[in-house]
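Here's the letter readout for the chains.
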Amino acid sequence: MSAEAAEFDLVLVGGGLASCLIAWRLALDRPDIRVAVIEREGSLGGNHTWSIFDSDIASEDMDWLAPAIAHRWPAGYDVFFPHRSRTLQTGYSSLTSERLHMAVSALLGDRLIIGEAVHVDAQGVTLADQRRLGAAGVIDARGPRPTDALLLGWQNFVGRTFRLAAPHGLTRPTIMDATVEQFGAYRFVYLLPFDDRTVLVEDTYYADQPNLDRPALKQRIDDYVRSRGWTIEAVVAEEEGVLPIALDGDIDAFWADGPPVARAGLLAALFHPVTGYSLPDAVRLARMIAEQEDLSSAALRRLTESHSKDLWRGRAFYRLLNRMLFRAARPDERWRVFQRFYGLSDGVLRRFYAGTSTMLDKLRILTGKPPVPFGRALRQVRETGRGSR
């Protein structure tokens, strides 16, 4: 199908975070571009809360995202470990899928198309009901799929938002409370105080497998709430997730697998290797695409593949840290890695989470007695370039 015959200039397959930000940025910068988003469930963004440090993206991008930001904590955040507690001054914000849907669906109108994509190619998308959407450009952003090309650990979590009978007393987010029992993995509790009586309590594990024992995690959340002396009045919301943590892999093989179209989000391996968070990468990709003059499928494939591979190769240091965490540290001792890490300066921490660590930062992170057995850590220095095969 020729570009002249196409119904749309660009079709985004999947209505998750990456697609939403691309569509949103194009609507702001290039409103003449005919953009459609295909979403199986009809509601954009799923059921998620995405969080970001102020230092993760440019201030103008924080301004752009403001309509989707449901909560902001300018006073920083706390971390707690058995032998270290600390308040850091970097501001923190959270976006919600509900706010994201409201912002982006209003821009799309009838170009938010409910349906399941069963075939994706460079000329368009075929839906399960046999509708065919022709497009000059196609980006696949349907989320991660199983791959043997990457070696991954996992950040598994269940979150429950509670309305409490009395104020909880929190004034800032708790990014990590690792004083809790570890249960054979690096476990911590994550807290977001939405108002004086409403709080998100998330039980999180850095685990070797992407498994969620929902009943067990919910029980541990309830036990944690009781340990804080809080009384639950109502459960407001629940969410869960399994985020990839990159250890090693073959990025060329990763991109060689699947339809030869552009990709975005986790399907493009665009996530912070240590946290699994994809919001900063999604913001930057949306900016890049909005600035791209040629939005044809071929040009977008070149752009997204090159960008993904460049980031992967530039983030080898973070994968080294993950190998030390997952392969050198004993599972119930992994908390010691993060406890030591949070003894570093604010600047080192900010740049680490933004994925912009300097060479001096890297030396500071690695210098000193490692919180893992030295010999086991040394064996992880060299990346194999192989995935899970």
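Refer to the preceding data block for the structure.
Read on for an overview of the structure. In this text the structure is predicted, and so the values were computed from the model without any measurement. (Residues numbered from 1 in each chain as written. Predicted model: local features only at pLDDT ≥ 70, side-chain atom pairs only at ≥ 80, totals over all residues. Heavy atoms only, no water.)

## With respect to the overall build of the chain
Of regular secondary structure, the chain possesses 12 helices and 17 strands. Relative to its length of 389 residues, the chain is compact, with a C-alpha radius of gyration of 21 Å against a globular reference of 21 Å. Based on the C-alpha atoms only, the size of the chain along its principal axes is roughly 65 × 50 × 40 Å. In the chain, the share of contacts with a sequence separation of at least 24, taken over all contacts with a separation of at least 6, comes to 76%. Accessible surface, the chain: about 16500 Å² in total, of which carbon and sulfur atoms supply 51%. Averaging the positions of the 48 positive and the 49 negative side-chain charges in the chain gives two centres separated by 7 Å. (Helix = DSSP H or I, 4+ residues; strand = E, 2+ residues; numbered from the N terminus. Rg over C-alpha atoms; globule rule 2.2 N^0.38 Å. Contact = heavy atoms within 4.5 Å. Areas by Shrake-Rupley, 256 points an atom, 1.4 Å probe, with all protein chains shown as cover. Lys, Arg positive; Asp, Glu negative; His and termini not counted. Charge placed at Lys NZ, Arg CZ, Asp CG, Glu CD.)

## Notes on the packing of aromatic side chains
Scanning the model with the defined rule gives 21 aromatic pairs in all. Ring plane angle 80 degrees and centroid distance 5.3 Å describe the contact between Phe-341 and Tyr-342, whose orientation is recorded as edge-to-face. Relative accessible area serves as the criterion here: at 9%, Phe-341 is assigned to the buried category. Arg-25 extends its terminal NZ or CZ atom over the ring of Trp-64, reaching a point 4.8 Å from the ring centre. (Phe/Tyr/Trp six-rings, centres within 6.5 Å; stacked < 30°, edge-to-face > 60°. Buried < 20%, exposed > 50% of the residue type's maximum accessible area, 1.4 Å probe, protein only. Lys NZ or Arg CZ within 6 Å of the ring centre and 35° of its normal.)

## Things to note about empty space enclosed by the protein
Using the criterion set out here, one finds 5 cavities of 30 Å³ or more in the structure. Each pocket or cavity is described by its volume, and for the largest cavity that value is around 220 Å³. Taken together, 20 residues line the largest cavity, and the ones lying closest to its centre are Phe-53, Ile-175, Thr-275, Tyr-277 and Tyr-353. Listing elements by their share of the lining of the largest cavity, those giving two or more residues are strand 3 (49–53), strand 13 (174–177), strand 14 (186–195) and strand 15 (198–207). (1 Å grid on protein atoms, 1.4 Å probe; cavity = no way out; pocket = protein on both sides within 12 Å on 5 of 7 lines; lining within 4 Å. Points joined across faces, edges and corners; volume = space filled by probe spheres on them.)

## Here's the deal with the sheet that holds strand 6 (residues 84–88)
Read across the open sheet, the 7 strands follow the order 6-5-13-14-15-12-16; overall the sheet is mixed. Of all strands in the sheet, those with a lone pairing partner are strand 6 and strand 16 (232–249), marking the two edges. Direction aside, the axes of adjacent strands within the sheet are offset by 15 degrees on average. In the sheet, strand 12 (residues 150–164) pairs with strand 15 via 10 bridges, with the strands oriented antiparallel. The partner of Arg-160 across the bridge, within strand 15, is Val-201. Packed on one face of the sheet, helix 8 (residues 316–328) meets strand 12, strand 15 and strand 16 and runs near 110 degrees to strand 16. (Pairing = 2+ DSSP bridges. Axes fitted to C-alpha atoms, helices over the stretch in contact; angles between N-to-C directions.)

## What about the pattern of salt bridges?
Enumeration over the complete set of coordinates arrives at 27 salt bridges. A salt bridge links Arg-214 to Glu-240, with the nearest nitrogen and oxygen atoms 2.8 Å apart. Of this pair, Arg-214 sits in helix 4 (residues 214–227) while Glu-240 sits in strand 16, and the two are 26 residues apart along the sequence. With a relative accessible area of 38%, Arg-214 lands in the partly exposed category. (Salt bridge = Lys/Arg side-chain N within 4 Å of Asp/Glu carboxyl O.)

## A word on the nonpolar core
Leu-21, Ile-22, Trp-24, Leu-65, Leu-100, Ile-139 and Ile-289 are the most contacted members of the largest nonpolar core, which has 53 residues in total. Broken down by element, the residue count for this core peaks at 8 residues, all from helix 1 (residues 17–29). Beyond its immediate sequence surroundings of up to four residues, Leu-21 is in contact with Trp-64, Leu-65, Leu-100, Leu-279, Ala-282, Val-283 and Ala-286. Of all hydrophobic cores here, the second largest spans 35 residues; its members include Met-176, Ala-178, Phe-188 and Val-274. (Core = buried A, V, L, I, M, F, W, Y, C linked by side-chain atoms within 4.5 Å.)

## Comments concerning the layout of surface pockets
The calculated volume of the largest pocket comes to roughly 1200 Å³. The set of elements that each furnish at least two residues to the lining of the largest pocket consists of helix 1, strand 2 (35–39), strand 3, strand 12, strand 14, strand 15, strand 16 and helix 6 (279–291). If one sorts the elements of the lining of the largest pocket by residue count, strand 16 sits on top with 5 residues. Classifying every residue of the lining of the largest pocket by side-chain character gives 19 nonpolar, 18 polar and 8 charged. (Nonpolar A, V, L, I, M, F, W, Y, C, P; charged D, E, K, R; others polar.)

## Let's talk about the environment of Met-102
On the secondary structure map, Met-102 appears in helix 3 (residues 97–108). It is 23 Å that separates the C-alpha atoms of Met-102 and Pro-193, two residues lying 91 residues apart in sequence.

## Concerning unusual backbone geometry
Although it is not a glycine, Gln-130 adopts a positive phi angle of roughly 75 degrees. Positionally, Gln-130 belongs in the loop between strand 10 (124–127) and strand 11 (132–140). A residue is classified by how much of its surface remains accessible, and Gln-130, at 60% relative accessible area, is exposed. Phi angles above zero are rare outside glycine, and Ala-269 is one such case at about 60 degrees. Residue position: Ala-269 is located in the loop between strand 17 (262–263) and helix 6.

## Focus on the sheet that holds strand 7 (residues 92–96)
One open sheet accounts for 3 strands, arranged 3-7-4; its pairing is antiparallel. Whereas interior strands pair on both sides, the edge strands pair on one side only; in this sheet they are strand 3 and strand 4 (69–73). Shown here is a sheet whose adjacent strand axes are inclined to one another by a mean of 20 degrees, direction ignored. Sheet analysis places strand 3 next to strand 7, joined by 5 bridges and oriented antiparallel. By the bridge assignment, Ser-51 is partnered in strand 7 with Ser-94.

Remember, this is a structural readout, not a statement about activity or role.
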